[in-house]
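Structural overview
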Amino acid sequence: MKRNGWKTNAALVGLLVALVAGPLWLIKSKDFSGADAQATEAISQMAPDYRPWFEPLFAPPGSEVESFLFALQAGIGAAVIGYIAGLLRGRMERERTRGGSDQ
Amino acid sequence: MERRQPDSRGWGGAAYGRWVIWHLFRAWKDAFYFVFSVNIFVKMYEREVSGVKQSGFWLLLSLGLTVFFFTASPQEAHAMHIMEGFLPLHWSLFWYAMFLPFFFLGLRSLARVVREHPDAKLFLGLAGAFAFVLSALKMPSVTGSSSHPTGMGLGALLFGPPAMTVLGSLVLLFQALFLAHGGVTTLGANGFSMAVAGPFVAYGFFHLIRKAGGNQKLAVFAAAALGNLSTYVVTSFQLALAFPDATGGVMAAFLKFAGIFAVTQVPLAISEGILTVLVWNWLVAQPTRELRTLPIFQREALEK
């Protein structure tokens, strides 16, 4: 009952990897910059007189720190998900060993 | 903007392999870490229930992570929300005005969810964490630029769109304050596109597809993917309104911005759809009592 969908899941993971890795192999002339940087460029073409009127309150000093903060964000989220995953699994096992107290 | 430019380009043709591996590594670094930590926590919990206390575990884990993060490679900023200061003041205020009612609606909705389903708080945390992780995953796309998923679909399905408005806003605020990604002045606009339009579109399509007799998993996939896409369509529209094309007006500007955002976003929307279905599959594989109390599963059967 529990593991019969693993083939579908494996296929989905494979597709996901292909989707992300595909562009890396197919496109070699671009640097994969952020889409918002490109939008900013478009703005400067369409409205050359526009000047941003507000600077970020805090900008990570350098790409190392920025990378660290992004990874930290993913890490915090992943930690919470992992904790909940473990908790749910534990509860599931407990419900099962009690003889499936509900349904 | 100089900050966002990659610092070393001219590697020459011989470095292709290194270049590809470099980008693969950067894009998947967070994803690998994600799988890694999920594993650790599952194991940790299994040890907890088996009675062996792991008191030093947290310390060890955080130490390991710190080392991991500091040795991880540098990464240029990939992003897609409207950057700080890039909306004229009146548009900034306008989008705040559009966004805030949904935010307060969301606060009430959240309070109601917690009051009526106290057991469901766990899944609220899950939905929030899912959005948190996904918006840190900057993925390369077919256009040669990068963007990230939003993770709004899952929570919108489980708890309804207004609840996700609040959680999405928290993610945006975090990124605006600590990552210079998006911005405080553009928070209203970014909040409206990601935390209002995204969840509502996702929720709407899910129920539309279910009413039309569509498969539950297909509905989850389409909801997450279209919710993601809609965020960038709205972002393009917001930019077009603020910066209409000199000759073609708002419509021409919209097409131009949509060309930048939405095309990059299509493969990522598909990725987000797949990720959401994977989490969904995992959720319905563990049908605990708490899961069944969620509003959506009182209407929907748990299809495996």
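Residues numbered from 1 in each chain as written. Chains lettered and ligands numbered in written order. Predicted model: local features only at pLDDT ≥ 70, side-chain atom pairs only at ≥ 80, totals over all residues. Heavy atoms only, no water.

Here we come to the overall build of chain A. Counting its regular elements, chain A contains 3 helices and 1 strand. Secondary structure of chain A in N-to-C order comes out as α-β-α-α. Looking at the 103 residues of chain A, the share that counts as buried comes to 40%. Carbon and sulfur atoms provide 60% of the accessible area of chain A, an area that totals close to 5,700 Å². (Helix = DSSP H or I, 4+ residues; strand = E, 2+ residues; numbered from the N terminus. Buried < 20%, exposed > 50% of the residue type's maximum accessible area, 1.4 Å probe, protein only. Areas by Shrake-Rupley, 256 points an atom, 1.4 Å probe, with all protein chains shown as cover.)

Right, let's get into the UniProt feature "transmembrane region" (unreviewed entry) in chain A. On the UniProt side, "transmembrane region" (unreviewed entry) is annotated at positions that read residues 68-88 of chain A here. As annotated, residues 68-88 of chain A comprises 100% helix and 0% strand, and the C-alpha atoms at either end are separated by 30 Å. (UniProt positions renumbered as here; feature names shortened; annotations may be inferred.)

This part takes up the packing of aromatic side chains. Residue and element names in this part refer to chain B. The tally for this structure, following the rule as stated, stands at 12 aromatic pairs over all chains. Judged by centre distance (5.0 Å) and plane angle (65°), the ring pair of Phe132 and Phe174 falls under edge-to-face. Of the two residues, Phe132 is situated in helix α4 (residues 121-134) and Phe174 in helix α6 (residues 161-178); the sequence distance between them amounts to 42 residues. Neither Phe132 nor Phe174 differs from the other in exposure class; each is buried. For the pair Phe206 and Trp280, a centre-to-centre distance of 6.2 Å together with 50° between the ring planes defines the contact as tilted. (Phe/Tyr/Trp six-rings, centres within 6.5 Å; stacked < 30°, edge-to-face > 60°.)

A few words on the packing of helix α3 (residues 89-116) of chain B against α6(B). All names here are of chain B. Contact geometry of α3 with α6 gives a least axis separation of 7 Å together with a crossing angle of 110°. As far as their axial angle goes, α6 and α3 are roughly perpendicular. Counting all contacts with α3, which are made through Phe99, Phe102, Phe103, Leu105, Gly106, Leu107, Ser109 and Leu110, the residues of α6 involved are Pro162, Ala163, Thr165, Val166 and Ser169. By residue class, the composition of the contact of α3 with α6 is 9 nonpolar, 4 polar and no charged. (Axes fitted to C-alpha atoms, helices over the stretch in contact; angles between N-to-C directions. Parallel < 35°, antiparallel > 145°, perpendicular 65-115°, else oblique. Contact = heavy atoms within 4.5 Å. Nonpolar A, V, L, I, M, F, W, Y, C, P; charged D, E, K, R; others polar.)

As a further point, take the environment of B:Thr186. The topology assignment puts B:Thr186 in the loop between α6 and α7 (187-211). Between the C-alpha atom of B:Thr186 and that of B:Phe132, which follows or precedes it by 54 residues, the distance is 19 Å.

Attention shifts here to the environment of B:Gly249. Residues and elements named next belong to chain B. Note on placement: Gly249 falls in helix α9 (residues 249-285). Look at Gly249 and you get partly exposed, because its relative accessible area is 21%. For the pair Gly249 and Thr185, spaced 64 residues apart in sequence, the C-alpha separation works out to 24 Å.

So, on to the nonpolar core. Grouped together as the largest cluster of nonpolar side chains are 92 residues, with contacts concentrated most on B:Leu158, B:Phe159, B:Phe257, B:Trp280 and B:Leu294. What B:Phe159 contacts, discounting residues up to four positions off in sequence, is B:Ser109, B:Val113, B:Ala120, B:Phe123, B:Leu124, B:Ala127 and B:Leu294. (Core = buried A, V, L, I, M, F, W, Y, C linked by side-chain atoms within 4.5 Å.)

Taken together, B:Leu100, B:Phe104 and B:Leu107 make up a surface patch of nonpolar side chains, about 260 Å² in accessible area. Examined against the element boundaries, B:Phe104 turns out to sit in helix α3. (Patch = residues over 30% accessible without salt bridge, like charges linked within 9 Å, V, L, I, M, F, W, Y side chains within 5 Å. Salt bridge = Lys/Arg side-chain N within 4 Å of Asp/Glu carboxyl O.)

Residue and element names in this part refer to chain B. Where α4 meets helix α5 (residues 152-159), the closest approach of the two axes is 8 Å, and the angle between their N-to-C directions is 160°. By the angle class used here, α4 and α5 are roughly antiparallel. Considering only the axes of α4 and α5, their crossing is left-handed. Counting all contacts with α4, which are made through Phe123, Leu124, Ala127, Phe130 and Ala131, the residues of α5 involved are Met152, Leu154, Gly155 and Phe159. Its residues assigned to classes, the contact of α4 with α5 shows 8 nonpolar, 1 polar and no charged. (Left-handed = near helix turned anticlockwise from the far one by under 90°.)

Turning our eyes to something else, we now look at the confidence of the model for chain A. For chain A, per-residue confidence averages 75 on the pLDDT scale, and residues scoring 70 or more make up 69% of the total. The spread of mean pLDDT over the elements of chain A runs between strand β1 (residues 33-34) of chain A, the lowest at 66, and helix α3 (residues 63-97) of chain A, the highest at 84. (pLDDT = per-residue confidence, 0-100.)

So, on to the side chain of B:Thr186. Residue and element names in this part refer to chain B. For Thr186, a relative accessible area of 0% translates into the label buried. Among the polar contacts made by the side chain of Thr186, one reaches the main-chain amide nitrogen of Gly183 at a distance of 3.3 Å. Dropping the residues within four chain positions of it, Thr186 is found in contact with Ile82, Met83, Glu84, Gly85, Phe86 and Leu87. (Polar contact = N/O pair within 3.5 Å; in protein donor to acceptor, adjacent residues only side chain to side chain.)

This part takes up helix α1 (residues 6-26) of chain A. All names here are of chain A. For α1, which comprises 21 residues, the first-to-last C-alpha distance of 29 Å matches the rise-based estimate of 30 Å (1.5 Å per residue) to within 8%. At Val20, α1 is bent by approximately 30°, the largest bend along its length, and proline Pro23 sits one to four residues beyond. Restricting attention to buried positions, one finds in α1 the residues Leu12, Leu16, Val20, Ala21, Pro23 and Leu24. (Expected span 1.5 Å × (residues − 1). Bend = angle between axes of the 7 residues up to and from the residue.)

Moving on: the environment of B:Val184. All names here are of chain B. Relative to the helices and strands, Val184 is located in the loop between α6 and α7. Using a relative accessible area of 25% as the deciding quantity, one classes Val184 as partly exposed. Separated by 28 residues in the primary sequence, Val184 and Ala212 place their C-alpha atoms 41 Å from one another.

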